[in-house]
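# Architecture and fold: a report
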Amino acid sequence: MTLIQTAVHTVGVALFGYSLYYDLLYVHPSPELLAEKKRFQVAKLWPGKWKYLTIWNVVLQLAYHVIALLNDLVGSSELNTKRQTFLQKLRDGYFASWVFPTGMLVSLLFWGLYSIDRQLIFPVEMDSFYPCWLNHAVHTGPILSLTIDSHFVPKSYPSRTIGVSSNILFTAIYSSCLSVLHFGSYVLWTRE
């Protein structure tokens, strides 16, 4: 365990924990905007923000940094698999199969679409209720924390079969949730 590892994971817990807390409790369109723009009414319908991959990603990032911080405090950081603790194996497998791919996808997809046509992913009207710092925390924070973590934290990656099958499992879970919502006549997204 190094001080840099612990600092990165502590900052990750604080950043993603507070971002999730703030987003779920305090970020809501104004009643005037809800009445004026139909697209923002969708966020108020069940399941609310939980249908967005960004929220799922923030939860994944938070859980990863909690596991990694616990590993920094009571686990190991060994490259020799025989000397690794359960927490380190969990941290490394979770990072490789769910956290890294999802975090990179969310960050790169968001900023790629944002640069092509902002209205597709983050309409100008959202600036009135979605703080700029939060947008960067949930869309830039993952790519920065993953890059720093990849550089400073030694990892022993799972086999390709386990990593890919775990990633497929996560994708299937998320896709199933969206399918249930869609075929259950819940409105996922609208475009005015």
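Data block above holds the structure.
Residues numbered from 1 in each chain as written. Predicted model: local features only at pLDDT ≥ 70, side-chain atom pairs only at ≥ 80, totals over all residues. Heavy atoms only, no water.

### What about the packing of aromatic side chains?
Stated precisely, the cut-off is as follows: Ring geometry is summarised as follows: Phe, Tyr and Trp rings, the Trp one being its six-membered ring, pair when their centres sit within 6.5 Å, and such pairs are stacked at plane angles under 30 degrees, edge-to-face over 60 and tilted between the two. By definition, any uninterrupted DSSP run of H or I lasting at least four residues is a helix, any uninterrupted run of E lasting at least two residues is a strand, and each is numbered from the N terminus. Working definition: with a 1.4 Å probe on protein chains only, accessible area under 20% of the residue-type maximum means buried, over 50% means exposed, and in between means partly exposed. In this analysis the charged atom, NZ for Lys or CZ for Arg, is taken to sit over a ring once it is within 6 Å of the ring centre and within 35 degrees of the ring normal.
Enumeration over the complete set of coordinates arrives at 18 aromatic pairs. Arranged with centres 5.0 Å apart and planes meeting at 70 degrees, the rings of Trp111 and Tyr114 form a pair that is edge-to-face. Here Trp111 and its partner Tyr114 are both found in helix H4 (residues 86-116), three residues apart, which amounts to about one turn of the helix. Overall, Trp111 belongs to the partly exposed group, its relative accessible area being 26%. Residue classification places Tyr114 among the partly exposed residues on the basis of a relative accessible area of 25%. Joined through ring pairs, the aromatic side chains of Tyr18, Tyr21, Tyr22, Tyr26 and Trp133 make up one cluster. When the ring centre of Phe95 is taken as origin, the NZ or CZ atom of Lys155, which lies over that ring, is 4.2 Å away.

### Side note on the pattern of salt bridges
Stated formally: The salt bridge criterion pairs a side-chain nitrogen of Lys or Arg with a carboxyl oxygen of Asp or Glu, the two atoms within 4 Å.
Under the counting rule described, the total for this entry stands at four salt bridges. Ionic pairing is found between Asp92 and Arg91, a salt bridge with its closest N-O pair at 2.8 Å. Accessibility classification places Asp92 together with Arg91 in one group, the buried group. Residue Asp127 pairs with Arg118 through a salt bridge whose shortest N-O separation is 2.5 Å. Accessibility expressed as a relative area gives 42% for Asp127, which makes it partly exposed.

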